[in-house]
Amino acid sequence: MIKVLNSTVPVFGACDDLDICGYNADCTVSAALSNTVSDDCTPENLLVVDFKIDLDNDGTYDLIGANVSPYPYPNPNGMPILPVAYTDLGTGEYEITIGSYDFPIGTHRILWNAEDKCSNVGTCEYLFDAQDCAKPTPKAFHGLAVDIQPVTNAVTVTAMMMDAGSFDNCCLAANPFRIASPSGGPGQTTPPNSTQVVFGCNDLGSQSVDLWVQDCNGNWDYVTSYVNVQNNMAARTVAGAN
């Protein structure tokens, strides 16, 4: 009897690290990870493809799954088994897609394995970064009235004074607020560095301001409001005053 053995392992289509964006209200990232696999000998529909996911990339697997049911390998720790879809692409490749899962924000690791009928095992391992891409929700008071101080002939308005309860789906940054005046208008992408603005006697009346808010994952957004600068204490208003 002659037995012909093949030593070529199954090949996965993509093994590069990737970033995935999330917008969930509970600060998770919904994603359906997928990969393609092919083999030079065993028909792809006969390959056994499984995966293991290490949440937070801490060296411990937390989620598993495979293209066959029941799960074909030991699972002594009782890890959750995610559902998968295994699809013939008609190009000599099959696509395996993990059912959508809500991943926590952070860097995770996935290990794919594919075993053919000659017991050759191909592997594919990479990191995926689940990112919070939802911007914070800035809320500013619709108009803030302030009075020029007679001693300094000026009044300072901080970004926090304009905040009316800004929030985020995850969390706000430790120092989340910035302010600018006059407003830069719509379409801005870069926040200012200032946390306060100073108005003088030449700024009486309505002054536009932008309140910028940053979340704990580095996303910014802003709203435009105004400050009504008043001079009720008769600070000097001559040209050249602050």
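Analysis parameters
Residues numbered from 1 in each chain as written. Predicted model: local features only at pLDDT ≥ 70, side-chain atom pairs only at ≥ 80, totals over all residues. Heavy atoms only, no water. Disulfide = S-S within 2.5 Å. Helix = DSSP H or I, 4+ residues; strand = E, 2+ residues; numbered from the N terminus. Buried < 20%, exposed > 50% of the residue type's maximum accessible area, 1.4 Å probe, protein only. Core = buried A, V, L, I, M, F, W, Y, C linked by side-chain atoms within 4.5 Å. Contact = heavy atoms within 4.5 Å.

(A) Quick look at the state of the cysteines. Under the counting rule described, the total for this entry stands at four disulfides. Paired through a disulfide, Cys15 and Cys124 show a sulfur-sulfur distance of 1.9 Å. Residue Cys15 is found in the loop between β1 (11–12) and β2 (18–22), and its partner Cys124 is found in strand β11 (residues 121–132); the two are separated by 109 residues along the sequence. Relative accessible area serves as the criterion here: at 34%, Cys15 is assigned to the partly exposed category. Note that Cys171 is cross-linked by a disulfide to Cys216, the S-S spacing being 1.8 Å. Because the sign of the S-S torsion sets the handedness, a value of about 95° for the bond joining Cys171 and Cys216 places this disulfide among the right-handed ones. Here Cys171, found in the loop between α1 (159–162) and β14 (172–180), pairs with Cys216, found in the loop between β16 (205–215) and β17 (220–230); they are 45 residues apart in sequence, far enough to count as distant.

(B) Representation of unusual backbone geometry. In this model, Ser69 is joined to Pro70 through a cis peptide bond whose omega is 5°. Following the sequence through the fold, Pro70 ends up in the loop between β6 (63–66) and β7 (84–88). At Cys27, a residue that is not glycine, the phi angle is positive and equals roughly 65°. One non-glycine residue, Asn57, adopts positive backbone phi at about 50°.

(C) Quick look at the nonpolar core. Val49, Ile53, Ile98, Phe103, Ile110 and Trp112 are the most contacted members of the largest nonpolar core, which has 24 residues in total. Among the secondary structure elements, those contributing two or more residues to this core are β3 (28–31), β5 (48–54), β8 (94–98), β10 (106–115) and β11. At four residues, the largest contribution of residues to this core is made by β11. In this structure, Ile98 is in contact with Ala32, Leu33, Phe51, Ile53, Leu82, Pro83, Val84, Ile110 and Trp112, ignoring residues within four places of it in sequence. With 17 residues, the next largest nonpolar core counts Leu144, Ala159, Met162 and Val213 among its residues.

From the geometry alone we can't say anything about function, so treat these as descriptive.
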